[in-house]
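Each chain, written out:
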Amino acid sequence: ALEVRYAHDPMVLESIGEHYRRAGEAGRAYRYLIAAAKRLLDRSLIQEAWDLTERVGGIEEPAASDLPSSEFRSCRRDLIAIRSTAYDNRGEWNDALLGWRAILASAEDEGAHQAACDARLQLASVLRRMGDFEPSTAFAEQALEAARRLQYKQGVAEALHCMATLAWDAGDAQSCERLA
């Protein structure tokens, strides 16, 4: 009941995850602690989310055997996404790139098309920050194409925003306005 009623409260999710961790239920603990870290990240509490991912590392191996493989891989992608976002926020772009590339590869292997689209968008953003505009543009265009194919409206909006930002950075105000 607590899990359902307070599903969006990171503190409750963390408490539930800790309860399961102490009880030796690594799979459930892993799932709840990562969900808590995602909620913290959604609230821009990046360091708190990072700290929670540090604690999750100790139960990753037993969680892999407790959870169904597809669920574990999905949680693992979420974990890497949280850490990659933190790396990006710190300006540690090479580490962020490694994480987003790992997520993209995992999502493509598993057929998680929306996760792959999101990873492409994040790769485009990180590469743009690094000044690597050509591959950034390619990832943004791939993400836009995939988002349209999936009818993933948020992905379409984020890809167009990313492409508008790239146009702005290139000094192309007309393309920026058209894409925005």
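Everything below is about the structure shown above.
Residues numbered from 1 in each chain as written. Predicted model: local features only at pLDDT ≥ 70, side-chain atom pairs only at ≥ 80, totals over all residues. Heavy atoms only, no water.

### Details of the nonpolar core
Going by this rule: The nonpolar core is taken to be a set of buried Ala, Val, Leu, Ile, Met, Phe, Trp, Tyr and Cys residues, with the residues joined through side-chain atoms within 4.5 Å. Per-residue accessibility, obtained with a 1.4 Å probe over protein chains only, is compared with the maximum for each type, and a residue is labelled buried under 20%, exposed over 50%, and partly exposed between these values. In DSSP terms, a helix is any run of H or I states spanning at least four residues, a strand is any run of E spanning at least two, and both are numbered starting from the N terminus. Residues count as neighbours in contact if any of their non-hydrogen atoms are within 4.5 Å of one another.
Among the nonpolar cores identified, the biggest contains 36 residues, and Trp100, Ile103, Leu104, Cys117, Leu123, Phe139 and Ala140 are the most heavily contacted of them. Mapped by element, the contributors of at least two residues to this core are helix 6 (69-90), helix 7 (93-110), helix 8 (113-129), helix 9 (133-150), helix 10 (153-169) and helix 11 (173-179). Per element, the largest residue contribution to this core is eight residues, and it comes from helix 8. Residues contacting Ala140, with those up to four places away along its chain left out, are Ala124, Ala159, Cys162, Met163 and Leu166. By size, the runner-up hydrophobic cluster in this structure holds 24 residues, among which are Ala26, Ala29, Leu41 and Leu52.

### Things to note about the packing of aromatic side chains
Cut-off, in case you're wondering: Here a Phe, Tyr or Trp ring, Trp counted by its six-membered ring, pairs with any other such ring whose centre lies within 6.5 Å, and the pair is stacked when the planes are under 30 degrees apart, edge-to-face when over 60, and tilted otherwise.
Going through the model one piece at a time under the given rule, you end up with three aromatic pairs. Between Tyr30 and Phe72 the ring centres are 5.3 Å apart and the planes differ by 20°, which places this aromatic pair in the stacked class. With Tyr30 in helix 3 (residues 26-42) and Phe72 in helix 6, the pair connects residues that are 42 residues apart, well separated along the chain. Across the pair, exposure class does not vary: Tyr30 and Phe72 are buried alike.

### Focus on the pattern of salt bridges
To keep it simple, the criterion reads: The working definition used for a salt bridge is a side-chain nitrogen of Lys or Arg within 4 Å of a carboxyl oxygen of Asp or Glu.
Under the defined criterion, the tally for this structure stands at 14 salt bridges. A salt bridge links Arg28 to Glu25; the shortest N-O distance between them is 3.2 Å. On the basis of relative accessibility, which here comes to 39%, the residue Arg28 falls in the partly exposed class. Classification of Glu25 as partly exposed rests on a relative accessible area of 31%. Linking Arg129 and Asp88 is a salt bridge whose minimum nitrogen-to-oxygen distance equals 2.9 Å. Placement of Arg129 in helix 8 and of Asp88 in helix 6 is noted, with a sequence separation of 41 residues between them. With a relative accessible area of 12%, Asp88 lands in the buried category. Via salt bridges that share partners, Glu14, Glu18, Arg21 and Arg55 belong to a single interconnected network.

Any link to function would need more than the numbers given here.
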